[in-house]
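Residues per chain are reported as follows:
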Amino acid sequence: MVIKDKYDRPILSFRMSITNRCNLNCLYCHHDGMIPSKDEMTPSEIAKIAEVAKDLGVKKIRLSGGEPLLRKDIVDIVDKLNQIGFKDISLTTNGTFLSKYSQDLKNAGLDRINVSLDTLNEDKYKFLTKKDYLSGVKEGILKAVEYGIYPVKINMVLMKGINEDEIWDMFTFTRDNGLILQLIELMESESCDDNSFSKNHHLDISSIEEEIKKIADEVKLRKNMQNRPKYFIGKGEIEIVKPFDNTNFCQRCTRLRLTPTGKIKPCLLRNDNLINIINPIRNGASDEELKQIFLEGISLREPYNKAECDKSYRC
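Residues numbered from 1 in each chain as written. Predicted model: local features only at pLDDT ≥ 70, side-chain atom pairs only at ≥ 80, totals over all residues. Heavy atoms only, no water.

Participant: Could you give an account of the nonpolar core, with specific residues and numbers?
Facilitator: In terms of nonpolar packing, the biggest core is built from 72 residues, with Phe14, Met16, Ile49, Leu63, Leu183 and Phe294 touching the most fellow members. Counting residues in hydrophobic clusters, the runner-up holds 9 residues, among them Tyr28, Ile162, Leu186 and Val241. (Core = buried A, V, L, I, M, F, W, Y, C linked by side-chain atoms within 4.5 Å. Buried < 20%, exposed > 50% of the residue type's maximum accessible area, 1.4 Å probe, protein only.)

Participant: Any details on helix α4 (residues 122-129)? Residues and values, ideally.
Facilitator: Because each turn of an α-helix spans 3.6 residues, side chains separated by three or four positions in sequence point in the same direction. Every buried residue belonging to α4 is among Tyr125, Leu128 and Thr129, and all of these are buried. Looking down the long axis of α4, one finds its buried residues gathered within 80 degrees of arc, a one-sided arrangement. The elements touched by buried residues of α4 are α5 (134-146). Positive backbone phi, at 65 degrees, marks Lys130, one or two positions downstream of α4. (Helix = DSSP H or I, 4+ residues; strand = E, 2+ residues; numbered from the N terminus. Arc of directions from axis to C-beta. Contact = heavy atoms within 4.5 Å.)

Participant: Mind laying out the packing of helix α1 (residues 43-55) against helix α11 (residues 287-299), listing which residues take part and the relevant values?
Facilitator: Following both chains from N to C, one finds α1 and α11 inclined at 70 degrees, their axes separated by 10 Å at the closest point. By the angle between their directions, the pair α1 and α11 is classed as roughly perpendicular. Together, Lys48, Ile49, Val52 and Ala53 of α1 and Asp287, Leu290, Lys291 and Phe294 of α11 make up the contact between the two elements. Its residues assigned to classes, the contact of α1 with α11 shows 5 nonpolar, no polar and 3 charged. (Axes fitted to C-alpha atoms, helices over the stretch in contact; angles between N-to-C directions. Parallel < 35°, antiparallel > 145°, perpendicular 65-115°, else oblique. Nonpolar A, V, L, I, M, F, W, Y, C, P; charged D, E, K, R; others polar.)

Participant: I'd like to hear about the packing of helix α3 (residues 98-108) against α5, residue by residue, with values.
Facilitator: Their axes nearest at 8 Å, the elements α3 and α5 cross at an angle of 15 degrees. The angle between α3 and α5 falls in the class roughly parallel. Seen from above, α3 lies across α5 with right-handed handedness. From α3, Leu98, Ser99 and Ser102 reach across to α5, where they touch Gly136, Glu139, Gly140, Ile141, Lys143 and Ala144. Classifying every residue of the contact of α3 with α5 gives 3 nonpolar, 4 polar and 2 charged. (Left-handed = near helix turned anticlockwise from the far one by under 90°.)

What follows is the structure, encoded as C-alpha coordinates:
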(Lines give C-alpha, C1' and ligand atoms only; values in the text may rest on other atoms or scores of the structure.)
Protein backbone atom coordinates (compact mmCIF):
# COMPACT_ATOMS: atom_id res chain seq x y z
CA MET A 1 0.00 0.00 0.00
CA VAL A 2 1.25 3.47 -0.93
CA ILE A 3 -0.65 6.55 0.26
CA LYS A 4 -1.05 9.45 -2.17
CA ASP A 5 -1.93 13.05 -1.40
CA LYS A 6 -4.75 14.93 -3.16
CA TYR A 7 -2.32 15.91 -5.92
CA ASP A 8 -1.74 12.23 -6.71
CA ARG A 9 1.80 12.30 -5.33
CA PRO A 10 2.83 9.05 -3.56
CA ILE A 11 4.48 9.33 -0.14
CA LEU A 12 7.58 7.19 -0.58
CA SER A 13 10.16 8.73 1.73
CA PHE A 14 10.27 10.28 5.19
CA ARG A 15 12.99 12.72 6.30
CA MET A 16 13.35 12.74 10.07
CA SER A 17 15.28 15.59 11.69
CA ILE A 18 16.39 14.02 14.95
CA THR A 19 18.18 17.04 16.44
CA ASN A 20 18.67 20.70 15.68
CA ARG A 21 21.97 20.85 17.53
CA CYS A 22 24.99 21.47 15.32
CA ASN A 23 28.73 21.92 15.82
CA LEU A 24 29.09 24.27 12.84
CA ASN A 25 27.78 27.80 12.40
CA CYS A 26 27.21 27.99 8.64
CA LEU A 27 26.37 31.40 7.22
CA TYR A 28 23.28 30.26 5.33
CA CYS A 29 21.90 28.02 8.10
CA HIS A 30 18.41 28.93 9.34
CA HIS A 31 19.44 28.52 13.00
CA ASP A 32 16.20 27.15 14.40
CA GLY A 33 15.87 27.48 18.17
CA MET A 34 17.85 24.83 20.03
CA ILE A 35 16.15 21.91 21.76
CA PRO A 36 18.01 20.67 24.86
CA SER A 37 19.26 17.13 24.23
CA LYS A 38 17.15 15.84 27.13
CA ASP A 39 14.00 16.92 25.28
CA GLU A 40 14.88 15.32 21.95
CA MET A 41 12.91 12.34 20.66
CA THR A 42 14.22 9.07 22.04
CA PRO A 43 15.32 6.20 19.78
CA SER A 44 12.11 4.33 20.68
CA GLU A 45 9.95 7.35 19.85
CA ILE A 46 11.74 7.81 16.53
CA ALA A 47 11.20 4.13 15.77
CA LYS A 48 7.50 4.33 16.67
CA ILE A 49 6.97 7.24 14.27
CA ALA A 50 8.91 5.38 11.58
CA GLU A 51 6.78 2.25 12.10
CA VAL A 52 3.60 4.24 11.43
CA ALA A 53 5.20 5.69 8.28
CA LYS A 54 6.19 2.18 7.14
CA ASP A 55 2.63 0.91 7.65
CA LEU A 56 1.42 3.72 5.36
CA GLY A 57 3.74 2.68 2.55
CA VAL A 58 6.89 4.75 3.16
CA LYS A 59 9.87 2.93 1.64
CA LYS A 60 12.81 5.12 2.58
CA ILE A 61 14.02 6.95 5.70
CA ARG A 62 16.52 9.78 5.80
CA LEU A 63 17.95 11.05 9.10
CA SER A 64 19.07 14.65 9.32
CA GLY A 65 19.48 17.51 11.78
CA GLY A 66 21.07 19.84 12.76
CA GLU A 67 23.93 17.39 12.89
CA PRO A 68 22.55 13.88 13.57
CA LEU A 69 25.96 12.48 14.53
CA LEU A 70 25.97 14.72 17.60
CA ARG A 71 23.52 12.21 19.07
CA LYS A 72 25.46 9.62 21.05
CA ASP A 73 22.65 7.14 20.38
CA ILE A 74 22.77 7.54 16.59
CA VAL A 75 23.90 3.93 15.99
CA ASP A 76 21.03 2.65 18.13
CA ILE A 77 18.58 4.80 16.15
CA VAL A 78 19.81 3.40 12.83
CA ASP A 79 19.68 -0.14 14.21
CA LYS A 80 16.05 0.28 15.34
CA LEU A 81 15.07 1.68 11.93
CA ASN A 82 16.85 -1.15 10.17
CA GLN A 83 14.84 -3.71 12.15
CA ILE A 84 11.59 -2.13 10.87
CA GLY A 85 12.52 -3.17 7.34
CA PHE A 86 12.83 -0.08 5.20
CA LYS A 87 14.12 -0.41 1.65
CA ASP A 88 16.68 2.32 2.25
CA ILE A 89 18.10 4.19 5.29
CA SER A 90 20.24 7.24 4.65
CA LEU A 91 21.71 10.11 6.62
CA THR A 92 22.73 13.70 5.94
CA THR A 93 25.72 14.96 7.92
CA ASN A 94 28.35 17.68 7.92
CA GLY A 95 30.94 14.89 8.07
CA THR A 96 32.82 15.99 11.17
CA PHE A 97 32.12 12.71 13.02
CA LEU A 98 32.21 10.30 10.08
CA SER A 99 35.63 8.91 11.01
CA LYS A 100 34.20 7.94 14.40
CA TYR A 101 30.87 6.46 13.31
CA SER A 102 31.11 5.18 9.71
CA GLN A 103 31.87 1.55 10.48
CA ASP A 104 29.29 1.26 13.27
CA LEU A 105 26.63 2.96 11.13
CA LYS A 106 27.30 0.58 8.26
CA ASN A 107 27.06 -2.41 10.59
CA ALA A 108 23.80 -1.06 12.04
CA GLY A 109 22.20 -0.95 8.58
CA LEU A 110 22.86 2.50 7.14
CA ASP A 111 22.80 2.39 3.34
CA ARG A 112 23.77 5.86 2.13
CA ILE A 113 25.28 9.13 3.34
CA ASN A 114 25.04 12.70 2.06
CA VAL A 115 27.79 15.00 3.30
CA SER A 116 27.24 18.75 3.26
CA LEU A 117 30.49 20.22 1.95
CA ASP A 118 30.53 23.47 0.00
CA THR A 119 34.24 24.01 -0.49
CA LEU A 120 37.63 22.27 -0.48
CA ASN A 121 39.38 25.54 0.33
CA GLU A 122 40.37 25.77 3.99
CA ASP A 123 39.96 29.55 4.22
CA LYS A 124 36.50 29.43 2.62
CA TYR A 125 35.51 26.54 4.86
CA LYS A 126 36.42 28.56 7.95
CA PHE A 127 34.56 31.57 6.55
CA LEU A 128 31.40 29.56 5.84
CA THR A 129 31.31 27.35 8.95
CA LYS A 130 33.33 29.35 11.51
CA LYS A 131 35.25 26.12 12.22
CA ASP A 132 38.54 24.51 11.16
CA TYR A 133 37.28 20.98 10.51
CA LEU A 134 37.87 20.53 6.78
CA SER A 135 40.70 17.98 6.98
CA GLY A 136 38.68 15.85 9.41
CA VAL A 137 35.64 15.99 7.17
CA LYS A 138 37.63 14.81 4.15
CA GLU A 139 39.13 12.00 6.24
CA GLY A 140 35.64 10.96 7.38
CA ILE A 141 34.30 10.90 3.84
CA LEU A 142 37.07 8.55 2.75
CA LYS A 143 36.44 6.36 5.82
CA ALA A 144 32.78 6.04 4.85
CA VAL A 145 33.81 4.86 1.38
CA GLU A 146 36.36 2.48 2.90
CA TYR A 147 33.71 0.85 5.10
CA GLY A 148 31.44 0.22 2.13
CA ILE A 149 28.78 2.88 2.47
CA TYR A 150 27.50 3.61 -1.03
CA PRO A 151 26.75 5.98 -2.40
CA VAL A 152 28.40 8.80 -0.50
CA LYS A 153 27.12 12.05 -1.97
CA ILE A 154 28.62 15.49 -1.51
CA ASN A 155 25.96 18.19 -1.13
CA MET A 156 27.50 21.40 -2.47
CA VAL A 157 25.32 24.49 -2.05
CA LEU A 158 26.33 27.00 -4.71
CA MET A 159 26.75 30.59 -3.58
CA LYS A 160 27.36 33.56 -5.86
CA GLY A 161 30.70 35.19 -5.22
CA ILE A 162 31.84 32.43 -2.87
CA ASN A 163 32.21 28.96 -4.39
CA GLU A 164 30.80 28.85 -7.92
CA ASP A 165 34.40 28.77 -9.16
CA GLU A 166 35.05 25.48 -7.33
CA ILE A 167 32.55 23.22 -9.08
CA TRP A 168 35.09 21.38 -11.19
CA ASP A 169 37.58 21.03 -8.34
CA MET A 170 34.81 19.44 -6.28
CA PHE A 171 33.82 17.24 -9.24
CA THR A 172 37.40 16.00 -9.53
CA PHE A 173 37.47 15.21 -5.81
CA THR A 174 34.21 13.27 -5.99
CA ARG A 175 35.05 11.45 -9.22
CA ASP A 176 38.49 10.36 -8.02
CA ASN A 177 37.15 9.04 -4.70
CA GLY A 178 34.05 7.19 -5.91
CA LEU A 179 31.61 9.84 -4.71
CA ILE A 180 28.64 11.59 -6.31
CA LEU A 181 28.45 15.38 -6.52
CA GLN A 182 25.09 17.00 -5.84
CA LEU A 183 24.88 20.69 -6.76
CA ILE A 184 22.18 22.52 -4.80
CA GLU A 185 20.68 25.92 -5.47
CA LEU A 186 20.78 28.16 -2.38
CA MET A 187 17.26 28.76 -1.12
CA GLU A 188 15.44 31.02 1.30
CA SER A 189 13.22 29.76 4.11
CA GLU A 190 10.24 31.31 5.84
CA SER A 191 11.57 29.82 9.08
CA CYS A 192 14.45 32.28 8.94
CA ASP A 193 13.90 35.87 10.05
CA ASP A 194 16.89 37.12 8.08
CA ASN A 195 17.29 35.80 4.54
CA SER A 196 19.79 38.49 3.56
CA PHE A 197 22.67 36.04 3.00
CA SER A 198 20.53 33.82 0.77
CA LYS A 199 19.26 36.83 -1.18
CA ASN A 200 22.71 38.31 -1.67
CA HIS A 201 24.37 35.05 -2.69
CA HIS A 202 21.59 33.23 -4.50
CA LEU A 203 22.81 31.82 -7.80
CA ASP A 204 20.49 30.62 -10.54
CA ILE A 205 22.26 27.42 -11.51
CA SER A 206 20.41 26.95 -14.80
CA SER A 207 23.38 28.15 -16.86
CA ILE A 208 25.71 25.84 -14.92
CA GLU A 209 23.39 22.93 -15.62
CA GLU A 210 23.38 23.78 -19.33
CA GLU A 211 27.19 23.71 -19.32
CA ILE A 212 27.18 20.32 -17.61
CA LYS A 213 24.53 18.97 -19.98
CA LYS A 214 26.67 19.84 -23.01
CA ILE A 215 29.60 17.72 -21.87
CA ALA A 216 27.69 14.86 -20.23
CA ASP A 217 28.10 11.38 -21.72
CA GLU A 218 24.69 10.30 -20.40
CA VAL A 219 21.69 11.84 -18.61
CA LYS A 220 19.18 10.00 -16.42
CA LEU A 221 16.18 11.22 -14.42
CA ARG A 222 15.36 10.20 -10.84
CA LYS A 223 11.64 9.78 -11.39
CA ASN A 224 10.64 9.56 -7.73
CA MET A 225 12.89 12.48 -6.81
CA GLN A 226 11.26 15.37 -8.70
CA ASN A 227 12.65 14.06 -12.01
CA ARG A 228 16.02 15.23 -10.74
CA PRO A 229 18.63 14.94 -13.53
CA LYS A 230 21.81 12.90 -13.13
CA TYR A 231 24.67 13.76 -15.47
CA PHE A 232 27.43 11.22 -16.09
CA ILE A 233 30.76 12.65 -17.18
CA GLY A 234 33.46 10.05 -17.66
CA LYS A 235 33.61 8.13 -14.37
CA GLY A 236 31.98 10.97 -12.45
CA GLU A 237 28.35 11.82 -11.64
CA ILE A 238 26.61 15.12 -10.95
CA GLU A 239 23.05 15.63 -9.73
CA ILE A 240 21.23 18.97 -9.82
CA VAL A 241 18.82 20.14 -7.11
CA LYS A 242 16.81 23.29 -7.84
CA PRO A 243 14.07 23.78 -5.24
CA PHE A 244 14.05 27.56 -5.65
CA ASP A 245 11.06 28.68 -7.75
CA ASN A 246 10.96 25.24 -9.36
CA THR A 247 7.44 23.99 -10.02
CA ASN A 248 8.68 20.55 -11.08
CA PHE A 249 10.45 20.15 -7.71
CA CYS A 250 7.10 20.55 -5.94
CA GLN A 251 4.93 18.68 -8.41
CA ARG A 252 6.98 15.52 -8.11
CA CYS A 253 7.74 15.65 -4.39
CA THR A 254 7.27 12.25 -2.71
CA ARG A 255 8.67 13.16 0.71
CA LEU A 256 7.12 13.87 4.08
CA ARG A 257 9.21 15.42 6.86
CA LEU A 258 9.49 15.38 10.64
CA THR A 259 10.90 18.33 12.60
CA PRO A 260 13.31 17.92 15.55
CA THR A 261 10.41 18.88 17.82
CA GLY A 262 8.35 15.91 16.67
CA LYS A 263 6.00 17.62 14.24
CA ILE A 264 5.03 16.30 10.82
CA LYS A 265 6.01 18.86 8.18
CA PRO A 266 3.98 18.44 4.97
CA CYS A 267 6.10 20.89 2.93
CA LEU A 268 9.79 21.76 2.93
CA LEU A 269 9.05 25.42 2.25
CA ARG A 270 6.29 26.00 4.83
CA ASN A 271 6.06 26.08 8.61
CA ASP A 272 2.42 27.10 9.04
CA ASN A 273 0.85 23.64 8.76
CA LEU A 274 2.86 21.43 11.13
CA ILE A 275 1.13 18.54 12.91
CA ASN A 276 2.36 17.46 16.37
CA ILE A 277 2.86 13.70 16.66
CA ILE A 278 5.34 13.42 19.54
CA ASN A 279 2.92 14.70 22.20
CA PRO A 280 0.26 12.09 21.31
CA ILE A 281 2.94 9.38 21.48
CA ARG A 282 4.03 10.57 24.91
CA ASN A 283 0.39 10.67 25.98
CA GLY A 284 -0.19 7.04 24.99
CA ALA A 285 -1.93 7.39 21.62
CA SER A 286 -2.83 4.15 19.87
CA ASP A 287 -1.34 3.06 16.56
CA GLU A 288 -4.63 3.90 14.85
CA GLU A 289 -4.62 7.41 16.34
CA LEU A 290 -1.04 7.92 15.17
CA LYS A 291 -2.00 6.71 11.72
CA GLN A 292 -4.77 9.31 11.57
CA ILE A 293 -2.27 12.03 12.56
CA PHE A 294 -0.06 10.97 9.66
CA LEU A 295 -2.99 11.00 7.28
CA GLU A 296 -3.89 14.50 8.46
CA GLY A 297 -0.37 15.63 7.64
CA ILE A 298 -0.58 14.04 4.20
CA SER A 299 -3.94 15.73 3.57
CA LEU A 300 -2.26 19.12 4.08
CA ARG A 301 0.34 18.51 1.39
CA GLU A 302 0.16 20.74 -1.66
CA PRO A 303 2.81 22.00 -4.08
CA TYR A 304 4.35 25.24 -2.85
CA ASN A 305 4.70 26.29 -6.48
CA LYS A 306 1.41 24.94 -7.81
CA ALA A 307 0.64 27.25 -10.71
CA GLU A 308 0.89 24.38 -13.19
CA CYS A 309 -1.49 22.06 -11.32
CA ASP A 310 -4.92 21.74 -12.88
CA LYS A 311 -8.27 21.75 -11.10
CA SER A 312 -8.32 17.98 -10.82
CA TYR A 313 -5.33 18.26 -8.43
CA ARG A 314 -3.15 16.23 -10.77
CA CYS A 315 0.26 17.74 -11.39
